[in-house]
Amino acid sequence: MNRSSLRFLPLLVALLWIGSTGAQVDRPLRVAITGDEGTLTPYTYVTGYPGYELMTLIYDQLFLMDEELVPRPWLAAGLEIVDDLTYVLTLREGVRWHDGEPFTADDVAFTIGYYQTHPLGRFTSSANRVADVRVDGELGISLTLDGPDATFVEAALADLPMLPRHLWQDVDEPRAMAEAIGTGPYRLVEARSEQFYRLEANPDFWGPPPAVGTIIAPIVRDETTTFQALLAGEIDAAVRPVPAGSVASFQARPDLAIAQGSGFATTLLILDVTRPGLDDPAVRRVIAGAIDYGRLVDLLLLGFGTVGTPGFLHPDNPFANPATAEPPRLSPAEARGVLRDAGYLERADGTFAFTDGAPEDAAGAAPLAFVLLAPASNPTRLRAAELIAQDLAAAGIAVTVRSMEVEALTQRVWPDFDVSQGRDYELAVFGWSAPVNARANLRGLLHGDPAKGTLNLAGYDDPEVNELADRAVATIDADDRRAVLWQLQERMARDVPLVPLFYQDGVYAYRPSAFDGWSYMAGQGILHKRSFLRR
Amino acid sequence: MGTPLAAPLAGAGSDRAAVGARQRPWLAALFRTRTAAFGTFVLTVVVATALFGRALAPYDPREVVARPYQPPSAQHWLGTNDIGQDIFSELLWGTRASLTVGLVAALAAVLVGTAVGVVAGLAGGWVDAVLMRATDVVLTLPFLPLAIVLAAFLGPSLGNTALVLALVIWARPARVVRSHALGIAGHAYVEAAHALGGGFGHVLRRHVVPAVLPLALSQFILAVSSAILAEASLAFLGLGDPIQKSWGSVLFYAQSRGAFLSGAWPWWVVPPGLLIALTVLGFALVGRSLEAVLLPRLRGR
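Only a predicted model underlies this, so the values are computations on that prediction, with no experimental measurement involved.

Parameters and conventions
Residues numbered from 1 in each chain as written. Chains lettered and ligands numbered in written order. Predicted model: local features only at pLDDT ≥ 70, side-chain atom pairs only at ≥ 80, totals over all residues. Heavy atoms only, no water. pLDDT = per-residue confidence, 0-100. Contact = heavy atoms within 4.5 Å. Phe/Tyr/Trp six-rings, centres within 6.5 Å; stacked < 30°, edge-to-face > 60°. Buried < 20%, exposed > 50% of the residue type's maximum accessible area, 1.4 Å probe, protein only. Helix = DSSP H or I, 4+ residues; strand = E, 2+ residues; numbered from the N terminus. Expected span 1.5 Å × (residues − 1). Bend = angle between axes of the 7 residues up to and from the residue. Buried area = accessible area lost by both parts, 1.4 Å probe. Salt bridge = Lys/Arg side-chain N within 4 Å of Asp/Glu carboxyl O. Polar contact = N/O pair within 3.5 Å; in protein donor to acceptor, adjacent residues only side chain to side chain. Nonpolar A, V, L, I, M, F, W, Y, C, P; charged D, E, K, R; others polar. Pairing = 2+ DSSP bridges. Axes fitted to C-alpha atoms, helices over the stretch in contact; angles between N-to-C directions. Patch = residues over 30% accessible without salt bridge, like charges linked within 9 Å, V, L, I, M, F, W, Y side chains within 5 Å. Areas by Shrake-Rupley, 256 points an atom, 1.4 Å probe, with all protein chains shown as cover. Domains from an automatic or database assignment. 1 Å grid on protein atoms, 1.4 Å probe; cavity = no way out; pocket = protein on both sides within 12 Å on 5 of 7 lines; lining within 4 Å. Points joined across faces, edges and corners; volume = space filled by probe spheres on them. Core = buried A, V, L, I, M, F, W, Y, C linked by side-chain atoms within 4.5 Å.

(A) Just the confidence of the model for chain A, in detail. Across chain A, the average pLDDT comes to 90, with 94% of residues at 70 or higher. Taken together, the stretch residues 1-22 of chain A has pLDDT below 50 and engages in 19 contacts with residues farther than four places along the chain or on a different chain.

(B) Region of interest: the packing of aromatic side chains. Residues and elements named next belong to chain A. For the structure shown, the criterion picks out 28 aromatic pairs over all chains. Taken together, a centroid distance of 5.1 Å and an interplanar angle of 45 degrees make the contact between Tyr 115 and Phe 123 tilted. A relative accessible area of 0% means that Phe 123 is categorised as buried. With 5.1 Å between their ring centres and 85 degrees between their planes, Trp 414 and Phe 417 make a pair best called edge-to-face. An aromatic cluster is present here, built from Tyr 43, Tyr 45, Tyr 52, Phe 110, Tyr 114, Tyr 115, Phe 123 and Trp 168 joined pairwise through their rings.

(C) Fine view of helix α10 (residues 200-236) of chain B. Residue and element names in this part refer to chain B. The end-to-end C-alpha distance of α10 is 46 Å, clearly below the 54 Å that 37 residues give at a rise of 1.5 Å each. When the local axis directions of α10 are compared, the greatest deviation, roughly 40 degrees, occurs at Val 209, which is followed within four positions by the proline Pro 210. Note on α10: the residue one or two positions beyond its end, Gly 238, has a positive phi of about 85 degrees.

(D) The interface of chain B and chain A, seen in detail. On the chain A side, the residues contacting the 25 residues of chain B number 26 residues. Carbon and sulfur atoms supply 55% of the area buried between chain B and chain A, which totals about 2200 Å² over both sides. Summed over the three residues of chain B that lose the most area to chain A, namely Ile 243, Arg 257 and Leu 261 of chain B, the buried surface amounts to 29% of that side. Ionic pairing is found between Arg 383 of chain A and Asp 82 of chain B, a salt bridge with its closest N-O pair at 2.7 Å. Inspection of the region where chain B meets chain A yields 7 residue pairs in polar contact (both at pLDDT 80 or more). Going through the elements one at a time, α11 (247-256) and α12 (259-262) of chain B are the ones with two or more residues in the side of chain B that touches chain A. For the side of chain B that touches chain A, the element with the highest residue contribution is α11 of chain B, accounting for 4 residues. Taken together, the residues of the side of chain B that touches chain A break down into 13 nonpolar, 6 polar and 6 charged.

(E) Fine view of the pattern of salt bridges. Taken as a whole and judged by the stated rule, the model has 41 salt bridges over all chains. Taking the shortest distance from any N to any O, the salt bridge between Arg 187 of chain A and Asp 204 of chain A comes out at 3.7 Å. Placement of the pair is Arg 187 of chain A in strand β8 (residues 186-192) and Asp 204 of chain A in the loop between β9 (196-201) and β10 (214-218), with a sequence separation of 17 residues. On the basis of relative accessibility, which here comes to 57%, the residue Asp 204 of chain A falls in the exposed class. Ionic pairing is found between Glu 190 of chain A and Arg 192 of chain A, a salt bridge with its closest N-O pair at 3.2 Å. Given a relative accessible area of 12%, Glu 190 of chain A falls into the buried group. Residue classification places Arg 192 of chain A among the partly exposed residues on the basis of a relative accessible area of 37%. Here the salt bridges do not stand alone but share partners, grouping Arg 383 and Glu 386 of chain A together with Asp 82, Glu 90, Lys 245 and Arg 257 of chain B into one network.

(F) View of the sheet that holds strand β7 (residues 140-145) of chain A. Residue and element names in this part refer to chain A. The strand order β4-β5-β7-β6 describes an open sheet built from 4 strands, whose pairing is antiparallel. Among the strands making up the open sheet, the edge pair consists of β4 (76-83) and β6 (130-136). With direction set aside, neighbouring strand axes in the sheet form an average angle of 20 degrees. Relative to β7, β6 runs antiparallel, the two being bridged by 6 bridges. The partner of Val 133 across the bridge, within β7, is Leu 143. Across the sheet, helix α3 (residues 105-117) is in contact with β5 (86-91), β6 and β7; its angle to β6 comes to roughly 160 degrees.

(G) Representation of α3 of chain A in the model. All names here are of chain A. Between its terminal C-alpha atoms α3 stretches 19 Å, which fits the 18 Å expected from 13 residues at 1.5 Å a residue. Among the residues of α3, those classed as buried are Ala 105, Asp 107, Val 108, Phe 110, Thr 111, Ile 112, Tyr 114 and Tyr 115. On its buried face, α3 is in contact with β5, α4 (121-127), β6, β7 and α6 (165-168).

(H) Examining the sheet that holds strand β18 (residues 398-404) of chain A more closely. Residue and element names in this part refer to chain A. One open sheet holds the 6 strands; their spatial order is β14-β20-β13-β19-β17-β18, and the pairing between them is mixed. In this open sheet, the two edge strands, each paired with only one partner strand, are β14 (305-307) and β18. The mean angle between the axes of side-by-side strands here comes to 25 degrees, regardless of whether they run parallel or antiparallel. Contacting β14 and β20 (498-504), helix α10 (residues 293-300) crosses the sheet at an angle of about 30 degrees to β20.

(I) Quick look at the side chain of Asp 159 of chain A. Residue and element names in this part refer to chain A. Take Asp 159: it is sitting in the loop between α5 (152-157) and α6. By relative accessible area, which is 2% here, Asp 159 ends up buried. In this structure, Asp 159 is in contact with Tyr 52, Gln 61, Arg 122, Phe 123, Glu 154 and Arg 439, ignoring residues within four places of it in sequence.

(J) Layout of unusual backbone geometry. Residues and elements named next belong to chain A. Cis geometry marks the peptide bond from Tyr 49 to Pro 50; its omega dihedral reads 10 degrees. Mapped onto the elements, Pro 50 comes out in helix α2 (residues 48-55). In this structure, Leu 69 takes a positive phi of about 70 degrees despite not being glycine. As for its placement among the helices and strands, Leu 69 is situated in the loop between β2 (63-65) and β3 (71-73). The residue Phe 417 is not glycine, and still its phi comes out positive at about 55 degrees. With respect to the helices and strands, the residue Phe 417 is situated in the loop between α13 (406-413) and β19 (427-432). For Phe 417, a relative accessible area of 59% corresponds to the exposed category.

(K) Spotlight on a nonpolar patch on the surface. Residue and element names in this part refer to chain B. A surface patch of nonpolar side chains, amounting to about 440 Å² of accessible area, comprises Phe 38, Phe 41, Val 45, Leu 278 and Leu 281. Of all elements in the fold, only α3 (34-56) and α14 (270-294) reach the threshold of two or more residues within the nonpolar patch. Ranked by the residues each element gives to the nonpolar patch, the list is headed by α3, at 3 residues. Its place among the elements puts Phe 38 in helix α3.

(L) Local environment of the domain arrangement of chain A. Residue and element names in this part refer to chain A. Looking at chain A, the domain boundaries give domain 1 (17-59 + 184-262 + 506-535), domain 2 (60-179) and domain 3 (266-504). Computed over C-alpha atoms, the centres of domain 1 and domain 3 are 35 Å apart. Across the domain 1/domain 3 interface, buried area totals approximately 570 Å², and carbon plus sulfur atoms make up 66% of it. Where domain 1 meets domain 3, there are 0 salt bridges. In this assembly, domain 1 and domain 3 are joined by 0 residue pairs in polar contact (both at pLDDT 80 or more). Of the residues contributing to the side of domain 1 that touches domain 3, the split by class is 3 nonpolar, 6 polar and no charged.

(M) Structural context of the environment of Trp 93 of chain B. Residues and elements named next belong to chain B. Structurally, Trp 93 can be placed in helix α4 (residues 87-123). Overall, the relative accessible area of 14% leaves Trp 93 in the buried class. In this structure the C-alpha to C-alpha distance between Trp 93 and Pro 61, which are 32 residues apart in sequence, comes to 7.5 Å. Leave out the neighbours within four places in its chain, and Trp 93 touches Arg 54, Ala 57, Tyr 59, Asp 60, Pro 61, Arg 62 and Lys 245.

(N) Representation of empty space enclosed by the protein within the structure. Residue and element names in this part refer to chain A. Applying the stated criterion across every chain yields a total of 5 cavities of 30 Å³ or more. A volume near 60 Å³ is recorded for the largest cavity. Taken together, Ala 288, Tyr 293, Gly 308, Thr 309, Pro 310, Pro 327, Pro 328, Met 492, Val 496, Leu 498, Val 499 and Pro 500 make up the full set of residues lining the largest cavity.

(O) Here's a closer look at the nonpolar core. Among the nonpolar cores identified, the biggest contains 154 residues, and Ile 287, Ile 291, Phe 312, Ile 397, Trp 432 and Leu 501 of chain A are the most heavily contacted of them. Ranked by residues supplied to this core, first place goes to α10 of chain B with 17 residues.

If you want it as structure tokens, here you go:
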């Protein structure tokens, strides 16, 4: 890394001397990121956002999402879907790796095989959909899937970063591979662990020319420090969303601009539906109905967000069912009525208890009470838990909030990120990142088979829903798929396997005098490859 | 030393004059100097707030009573926090939690420390060696990092915070008490008690424990101040119990929900900070004064 940074030093000096020449921004653009992202290879980056986006400035995918989340041809020039299982790709001509070697169909075949044999959660599960690869000359390749998959283009072709075969074929331990060589618009010239990354525009990039000559991404872990640095002019943009309480004061600054858009990252209340009480859909409906979603968005996000829909999908998601756009609401009196009708015993102090078929004696009955876990390091979710506990108390359900370290909480609700290991919680405030929502991954959230319902933290298992969820993945026709997903969302509204609370808007601040070409990727934010390419 | 103190203490409990003599230096210490009187005054106010603050608070600090991020006004003297709770009421309520954690942690630490100290001092030999090496280990560990690791490991709750603080605070009182107990064990009247057939337990109960009590008391007061400070530090770092209203948790939310960015720090950060500083100062002043009066040998140290 050191040698290559020296190699670019004269270039940098030259750029500084020349000054602004118009199209390309020559002054290094400083974008604060939130944490260390390893050596920025597909096996060492850490976070989905911004880590994946930063890494894919160096590595290219076969398809690239546009700002409206439609996959567009990228390294692949064309795609022919012969039948539900056969995808024939034609690659772009003249693409070269950063070290000058040509990019060919062999690299694609190698990449898919490498992700299959060297496990890495996000890429391995989508690469595993490919049952057979056939290379046809330098630029032709044909993929055969193990079953129909409506999300294959988005989840695999537009997601898998291509690896150079000539550098990776002898790498057994991918996490030790430090050299970040891709075909992308930027090259990594310097990576200082826990300090910063420096990327330089790739002069031989095959696509639209990079708009910024040098990107420096310093690691700033603390939110307050990040925005103090932005206000002081020490950085030009931050990937962290502006805290709701500060948006107004940022908007008033003449030297800063705000990019705002929807956020697909979902904050939700999850529940273990195998627990006594929570296994009763009536209780779950009361929980979902008693929460004042509007108050959460109003107080926690100061309005910069959207109320959660019972069908999980953000209202801007093309597959969202308009019939389930509104969360159900029950007044405290109505909620109590539902609990009484469902056979729970109302006690003198206003709380409810199980009857368990016992005589109507409230004294000895177990109370309808739950423990709600919230991550100690996430004040927004802690506050959400605090407010939810108040709402549920008014409906007669006693909730004790317990804060714990986020790692400990994850281990309780999702041990080793493997739902087949079960779960050890009652209620928890949790979050799913934007792709779960953007790809309408309802099967992952709902399917009772742990191999398919990989995100099913509720332990929910319903034969009809399983069947619908399978169809949602196997149905290729967009209209048919939408119809199935709509049905699933209606089932979710009725059955409450999870309680989406809100989607926080992305509000990002940047210094337009340094760079004004940012574009907002729907549901995600401003740091992504298309922001840095001239349009 | 000993004569002015140990003599009446040795006979404590049997005659009322001796009890009176034990209480008088207490009171004297609280108002001995102007600084001590100031410390006593601060502590009185803080304790009164802990006891009656909830009744005095204008609002229930758990209720959302106004818009978030309001500056101070006639309705909300210190403005409102990130979800519209009244900050002034939060501080009044939080006094009890902060003080309780400090007192419980210090009490546990001083009980353990005193027990270790007197046993080590009186028993001597390998018992002393083992106990003192354990004490040295705790003393040499850096205080706050150890507390941070323990707090992260045990999980956030007020009980755990008190436990963590007790675990890192007990060593200093143990050291101090042991050196005092060593001195007592060498006194002629203690040797006489031994000679007359008094066992280890008898000497401990009748002679050593009563003699180190004043020292334990001043150590306790000093431990409270460091425990309160440490509790606030842990809570500020998000390692306390953010669900409980305490001075530290008010600071935690102020920091993590943008008080420094939005300019709300003068009414959101400074007041709890001042409360913590004043309380710690109050305990320190009273503790020093008690030490000076009850243990004149230490005066001017």
